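This is what each chain is made of:
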Amino acid sequence: MVEKFDKELFKKEVKSSARKLYRRSLDELTTKEAFHAVAYAVQNTIIDDWMETQKVTEKKDAKRVYYLSMEFLMGRALGNNIINLSCRDEIKEALEELNLDLNAIEDEEPDWALGNGGLGRLAACFLDSLATLGYCACGCGIRYKYGMFKQQIVNGYQKEVPDDWLKDGNPFELRRSELAKEVKFGGWVESVNHNGKLKFEHKGYQSVIAIPYDTPVVGYNNHVVDTLRVWDAQAKETFRLDEFDKGNYEAAVENENMARNIVEVLYPNDNHYAGKELRLRQQYFFISASVQTAVKDYVDRHNGDIKHLYEKVAFQLNDTHPTVAVAELMRILMDDYELSWDEAWEITKKTCAYTNHTIMAEALEKWPIELFSKLLPRIYQIVEEINRRFCEYIRTNYPENAEYKIKKMAIIYDGQVKMAHLAIVGGHAVNGVAELHTEILKKETLKDFYELYPEKFSSKTNGITQRRWLLHANPELAAWISDKIGNGWITDLSKISKLAVYADDEKCQAEFMAIKRHNKERLAKYILEHNGIEVSTEAIFDVMVKRLHEYKRQLLNILHVMYVYNQLKDHPEMKFHPHVYIFGAKAAAGYKTAKLTIKLINNVANVINNDDSINGKIKVVFIEDYRVSNAELIIPAADISEQISTASKEASGTSNMKLMLNGALTLGTMDGANVEIVKEVGHEYAFTFGLSSDEVIALEHNHQYNPMEIFNHNQEIRRVLMQLVNGYYSPENPELFRPLYNSLLNTHESDVADRYFILKDFAAYDEAQRRACEQYEDESWWAKAAILNTSHAGKFSSDRTIEEYVEDIWKLDRIKIKV
Ligand code: NBG
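Residues numbered from 1 in each chain as written. Predicted model: local features only at pLDDT ≥ 70, side-chain atom pairs only at ≥ 80, totals over all residues. Heavy atoms only, no water.

1. A word on the overall build of the chain
Here is the rule: Helix and strand labels come from DSSP, where a helix needs a run of H or I of at least four residues and a strand needs a run of E of at least two; each type is numbered from the N terminus. The quantity called the radius of gyration is restricted to C-alpha atoms. Its globule counterpart is 2.2 Å times the number of residues to the power 0.38. Throughout, exposure labels follow a simple rule: accessible area from a 1.4 Å probe, protein chains only, divided by the maximum for the residue type, with under 20% read as buried, over 50% as exposed, and the rest as partly exposed. Contact criterion: two residues are considered in contact whenever any of their non-hydrogen atoms come within 4.5 Å of each other. Only the protein chains shown count as cover for residues, and the accessible areas themselves come from Shrake-Rupley with a 1.4 Å probe. Here Asp and Glu are counted as negative and Lys and Arg as positive; His is not counted, and neither are the chain ends. Where a charge lies is defined by one atom per residue type: Lys uses NZ, Arg uses CZ, Asp uses CG and Glu uses CD.
Secondary structure assignment for the chain yields 33 helices and 25 strands. Relative to the compact-globule value of 28 Å for 819 residues, the chain shows a C-alpha radius of gyration of 27 Å, a close match. When its C-alpha atoms are laid out on the principal axes, the chain stretches across 90 × 75 × 60 Å. In the chain, buried positions account for 62% of the 819 residues. Taking as baseline every contact in the chain between residues at least 6 positions apart, the subset at least 24 positions apart corresponds to 77%. Accessible area for the chain stands at about 32,000 Å²; split by element, carbon and sulfur atoms hold 48% of it. Here the chain contributes 102 positively and 124 negatively charged side chains, and the mean placements of these two sets differ by 3 Å.

Shown next as structure tokens:
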């Protein structure tokens, strides 16, 4: 840390790790090797604080949270650790003296892409905030061998390439084989009478050994270091010689394959559930290992007194993926610690809490009984009993319409195990991730549960860490802000509101926009290098970066680009400020419509970028392989933040917050956290449009919407849609984009035409785009609005979010590390 950072010692450590790792001197290393040498040296400066945090937590007997999540989108660790150690300048200088460039070294680290999108990145931001606020926390997940695939764009199409992120080793992780745990799959359950007590024994199972890898999560400038613990799998008998001798080669390698498969790869679906057995295996694997460890750790520190577990331990279930934790904790409490059902149930409910991240029906996990009970026989028994008791409870509460309620609320129904219901019933808290989202949960999606347990529900609007998304991603703006208002914002983002007084100051406006321009230059250089497209920093940088999903409506954006292009060609004299439309998005590997939308964006880019007749007024750029590390480059350069999901569908969104913090103006629907963003900054400094969530929900219920009417009456929209099927953007295959056309118009092929109301919102979207374009001409107004966006982003720090979880749900103790 800064007060004890010893530059000479650090230099020595970098040199000595070079020798230890490569038996060569530092100046003989490649940049990648130098990255490893530097990373080891940085890790060394963290270790003492890590141990001290552990000690202090134990001494204080502080309550801790286990954040159970299948996804942690950490991005790169080195730069972030250095930022949080608060010695970036010192390390940069030390490395310069060693002839090393910190930025180049940072670029050698692969992203830790152990997540899909917002849900995984939220988990990473939360860990940063937990450590920075001095709370004891452990993120528990899976050490996927292959993280989120790398996206290549080949001939305009997305191609998925495996992300072998561990191939050169990971200097920040620590293998903790002494903490390994056994996880059991398959087999059957026998009940035996043990001294007059009924006991359940799991027989004939296959074992997998779970081995944790720990990485430090460094708090900002406070010496607190929390842990990210990801589990690797290994076969119990690495090779079953007995089977091999019998000539049963398959059985011999089966166990090993099973272990390898479990941690092989992250499922690349965002907001979508695939229902594969392997996925359930992954879930139970990391949950069983994490819950076993948490319980054992607690019991060891509390003389075996299991009954007060919830006073010192909280489990937060990040969406339904980890909800099997409810049953696993019950199993451990009853089978291993011999508690009665009622005792175990009380403890489980008080320990577990659930966050819902979506209302999209296709993301709600339901497992066929057949699959679930075969793979997890003891767990299934417990879920059955939870369900039986819950249905009893419904019957007493709703004697009039019990069967109707059971149909809607049971945990097991219609041959399926409903994981969200298990989480709600088995925990003490349920939260949505923005105010609007929580309201929709209460009124629609989880209405019956809200009626039954109103006290469990609360809203926790998401947040982002300003340490990564401003201090690290936008160093120039960060320095400018600190110069104006001091650096208190780094640990208390509400202080950034002090910037607002500079919004009308001409000099400040000019400085702010100069920084924006530098960030645009930085991105323009990246675009030239990666896309070969030249873009002008005088243009409006209109940015839409997020997972590709129909509800997010990248299609609306690109159809509108096609529309503007038509206008410009017809009316070259038309008033229009040059735009660069920037997209970044991965589509799930099996999501056809999403992948076709990527192809469309790229084909449109190809036509428009090469049309000299429009004098470069429009450029379309699709940035390949959107991920945390290039988000850090794109977001600081944005003028406009596209947040155009169909109202009611985006639970919160978090790129909206990152973009706002970096001075972009939101162009969006009143959905998710956009509602709160607009409320904070004021309506006049955002461009909102479109159907409200109530209107969308009403149209979904009454089936009154017919996109064909719009197609028939609006010639300009009709022309754009015809260009999807007349070869305008795909001369070699005019039918290529027919499925997109059909999804908007044709009720035969898709179950509902224009399910996401793209045509319905088109005119309003265009109008909002025009407003933005006009306002951009007023440089002073725009600068003011940009500064106001940054200065009103205080609410959207994940520090604020974490404090709300701590206060309402986790009740953690804060720790302090003395140095
Ligand atoms: C996503 C939502 C986003 C939200 C993040 C984090 C899932 C299931 N949900 O709107 O779509 O910001 O979660 O809460 O990935």
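2. Some thoughts on the site of the ligand
What counts is decided by this rule: Proximity is defined per residue: if any heavy atom of the residue lies within 4 Å of a molecule or strand, that residue is considered near it. Think of a polar contact as two N or O atoms within 3.5 Å of one another; within protein, one of them needs to be a possible hydrogen donor and the other a possible acceptor, and neighboring residues in sequence only count if both atoms come from side chains. Here a cavity denotes a set of grid points, spaced 1 Å apart and computed over the protein atoms alone, in which a 1.4 Å probe fits but from which it cannot get out, and a pocket denotes an open set meeting protein on both sides within 12 Å along at least five of seven lines; residues with an atom within 4 Å of a point are reported as lining. In this description, a molecule resides in a pocket or cavity if more than half of its atoms sit within 2 Å of the grid points defining it.
Taken together, 15 residues lie around the ligand, and Asn271, His357, Asn462, Glu650 and Gly653 are the ones closest in. A distance of 2.6 Å separates an oxygen atom of the ligand from a polar atom in the side chain of glutamate 650. Interatomic distance of 3.0 Å between a backbone N/O atom of serine 652 and an oxygen atom of the ligand. Protein coverage of the free-state accessible area of the ligand, which is 380 Å², stands at 95%. The cavity where the ligand resides is the largest cavity.

3. With respect to the packing of helix H20 (residues 475-485) against helix H21 (residues 506-531)
The test is simple: Axis lines are fitted to C-alpha atoms, over the contacting stretch for helices. Their N-to-C directions set the angle, which ranges from 0 to 180 degrees. Our angle categories are set so that under 35 degrees counts as roughly parallel, over 145 as roughly antiparallel, 65 to 115 as roughly perpendicular, and the remainder as oblique. Crossing handedness follows the turn of the near helix against the far one: under a right angle anticlockwise gives a left-handed crossing, and clockwise gives a right-handed one. All residues other than Ala, Val, Leu, Ile, Met, Phe, Trp, Tyr, Cys, Pro, Asp, Glu, Lys and Arg, Gly among them, are scored as polar; the first ten of these are nonpolar and the last four charged.
Two numbers describe how H20 lies on H21: the axes approach to 9 Å, and their chain directions differ by 160 degrees. What the angle tells us is that H20 and H21 run roughly antiparallel. Our pair here, H20 against H21, has a crossing hand that is right-handed. The segment H20 lies against H21, with Pro475, Glu476, Leu477, Trp480 and Lys484 engaging Cys508, Glu511, Phe512, Ile515, His518 and Arg522. For the contact of H20 with H21, the residue count by class is 6 nonpolar, 1 polar and 4 charged.

4. Side note on the pairing of strand S21 (residues 579-584)
Two faces, one strand: in a regular strand the side chains alternate between the faces of the sheet. Applied cut-off: Paired strands are those between which DSSP finds at least two bridges. Whether a crossover is right-handed depends on one test, that the path from the first strand over the helix to the second runs clockwise when the strands point away from the viewer.
Counting buried residues in S21 gives 6 out of 6 residues, a clear majority hidden from the surface. Of the two faces of S21, the one carrying His579, Tyr581 and Phe583 and the one carrying Val580, Ile582 and Gly584 are both buried. Sheet topology places strand S20 (residues 540-545) next to S21; 6 bridges connect them, and they run parallel. Pairing of aspartate 542 across the sheet is with tyrosine 581, part of S21. Remark: the S20/helix H22 (residues 554-570)/S21 crossover connection has right-handed handedness. As paired elements, S21 and strand S22 (residues 618-623) share 6 bridges and run parallel to each other. Paired with isoleucine 582 across the strands is valine 621, a residue of S22. In this view, the connection linking S21 to its parallel neighbour S22 by way of helix H23 (residues 592-609) has right-handed handedness.

5. Comments concerning empty space enclosed by the protein
Note the threshold: Grid points are joined across faces, edges and corners, and a volume is the space filled by probe spheres set on the points.
Summed over the entire model, instances satisfying the criterion amount to 6 cavities of 30 Å³ or more. Roughly 830 Å³ of internal volume is contained in the largest cavity. Around the largest cavity sit 49 residues that line it, and Asn116, Gly117, Gly118, Leu119 and Asp270 are the ones nearest its centre. Counting residues per element, the lining of the largest cavity draws most heavily on helix H6 (residues 118-132), which supplies 4 residues. Residue classes in the lining of the largest cavity are distributed as 18 nonpolar, 17 polar and 14 charged.

6. Focus on the nonpolar core
Generally speaking, nonpolar side chains in soluble globular proteins are found buried as a group. Our working definition: Grouping buried Ala, Val, Leu, Ile, Met, Phe, Trp, Tyr and Cys residues that are joined through side-chain atoms within 4.5 Å yields what is termed a nonpolar core.
Grouped together as the largest cluster of nonpolar side chains are 283 residues, with contacts concentrated most on Phe285, Ile618 and Trp810. Ranked by the residues each element gives to this core, the list is headed by helix H9 (residues 277-301), at 11 residues.

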